[in-house]
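Here's the letter readout for the chains.
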Amino acid sequence: MPQDESSEVVPSSEGGDQTPVAASQPQQAVQQRRGCGLLTWVVILVVVLAVAAYLIHRAQVEEFKRQQAEQVQRRAVRATQLDQVGNSLAQALEAVQAGDIASALLIIESQEKILASIAQEAASSQDAEDASDAVDKKGALAQVRTAIRQKQEEMKAFAVQELLGLATEFPQVKSAAAAKTGEGQQSATESGATAPTPGAAESAPGGGAETSAAPVGEPLAPAPAAGP
């Protein structure tokens, strides 16, 4: 019986029978092992990449949550500060109602500084919305302060004019106004040198030339009579 050329005869250990064995089987086994090993490495690589992607995503989520928590905490602090500013402005209103405008202005100025610090902190923390809100509130306070000061100056000028109208009935008012005017002139004189008035030395007492002439209209003394 003819044998296949691709097979070889392997002697049997028991009766001398020879069994044909295919020569391509070891090559197929090697190829299968190689294919299995490559597939295993691909699966391992995919699993590693999936785990790495999961860990990166989880770290990003945790970082986002941490930033959100810090932002919420910062906004809570700013809300508390804004509540304190509101309470201070309520005190300023009470001071104005009591007639103490100067104290109210001091309160407003101090709250402007607090709002400026809040805006600066929010800007450094990249909280643009809170920073813009603090800047707007500070601008509103500045406008109110400027308007109050302007009206205060107008009221001062109005009160001065009204009181000066009483100078005809009360001489003390006129004296006080004259004294205030003199203080103003003295302050202006001290602030800069003033030029001497021409002819001041001539008009000063003792500054003019002495004359022996008698005053006009005064009769001259009669001459003594001659003796015998």
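Residues numbered from 1 in each chain as written. Predicted model: local features only at pLDDT ≥ 70, side-chain atom pairs only at ≥ 80, totals over all residues. Heavy atoms only, no water.

**Side note on the nonpolar core**
Argument step 1. Within the largest apolar cluster, 11 residues are counted, these being Val85, Ala92, Ala95, Ala104, Ile107, Ile108, Leu115, Ile118, Ala119, Ala134 and Leu141.
Argument step 2. Tallying contributions element by element places helix H2 (residues 101-124) first for this core, with six residues. (Core = buried A, V, L, I, M, F, W, Y, C linked by side-chain atoms within 4.5 Å. Buried < 20%, exposed > 50% of the residue type's maximum accessible area, 1.4 Å probe, protein only. Helix = DSSP H or I, 4+ residues; strand = E, 2+ residues; numbered from the N terminus.)

**Some points on the pattern of salt bridges**
Argument step 1. Taken as a whole, this structure holds 12 salt bridges when the rule is applied.
Argument step 2. A network of salt bridges, in which partner residues are shared, links Arg74, Arg75, Arg78, Glu121, Asp127, Glu129 and Asp130. (Salt bridge = Lys/Arg side-chain N within 4 Å of Asp/Glu carboxyl O.)

**Some points on helix H3 (residues 128-164)**
Argument step 1. For H3, built from 37 residues, the straight-helix expectation of 54 Å at 1.5 Å per residue is met to within 8% by its first-to-last C-alpha distance of 54 Å.
Argument step 2. For H3, the complete set of buried residues consists of Asp130, Ala131, Ala134 and Leu141. (Expected span 1.5 Å × (residues − 1).)

**Notes on the environment of Gln126**
Argument step 1. Here Gln126 is to be found in the loop between H2 and H3.
Argument step 2. Given the relative accessible area of 73%, Gln126 is considered exposed.
Argument step 3. C-alpha of Gln126 to C-alpha of Gln71: the two residues are 55 residues apart in sequence and 9.6 Å apart in space.

**Digging into the environment of Gly86**
Argument step 1. With respect to the element layout, Gly86 can be found in helix H1 (residues 25-97).
Argument step 2. A residue is classified by how much of its surface remains accessible, and Gly86, at 34% relative accessible area, is partly exposed.
Argument step 3. Residues Gly86 and Gln111, spaced 25 residues apart in sequence, show a C-alpha to C-alpha distance of 9.0 Å.

**Let's talk about the confidence of the model for the chain**
Argument step 1. Looking at the chain, the pLDDT average stands at 77 and 64% of residues meet or exceed 70.
Argument step 2. For the chain, per-element mean pLDDT is lowest for helix H5 (residues 200-203), which scores 42, and highest for H2, which scores 96.
Argument step 3. Here residues 1-10 is a poorly scored stretch, pLDDT under 50, and it has 16 contacts once near neighbours within four places are set aside; other chains count. (pLDDT = per-residue confidence, 0-100. Contact = heavy atoms within 4.5 Å.)

**Topic: the side chain of Glu112**
Argument step 1. When you line up the elements, Glu112 lands in helix H2.
Argument step 2. In this structure Glu112 touches Lys138, Leu141, Ala142 and Arg145, once residues within four positions along its chain are discounted.

**Looking at H2**
Argument step 1. Under the 1.5 Å per step criterion, the end-to-end length of H2 is 35 Å for 24 residues, consistent within 8% with the ideal 34 Å.
Argument step 2. Within the sequence span of H2, burial applies to Ala104, Leu105, Ile107, Ile108, Gln111, Glu112, Leu115, Ile118, Ala119 and Ala122.
Argument step 3. Among the residues trailing H2, Gln126 stands out with phi positive, at a value near 65 degrees.

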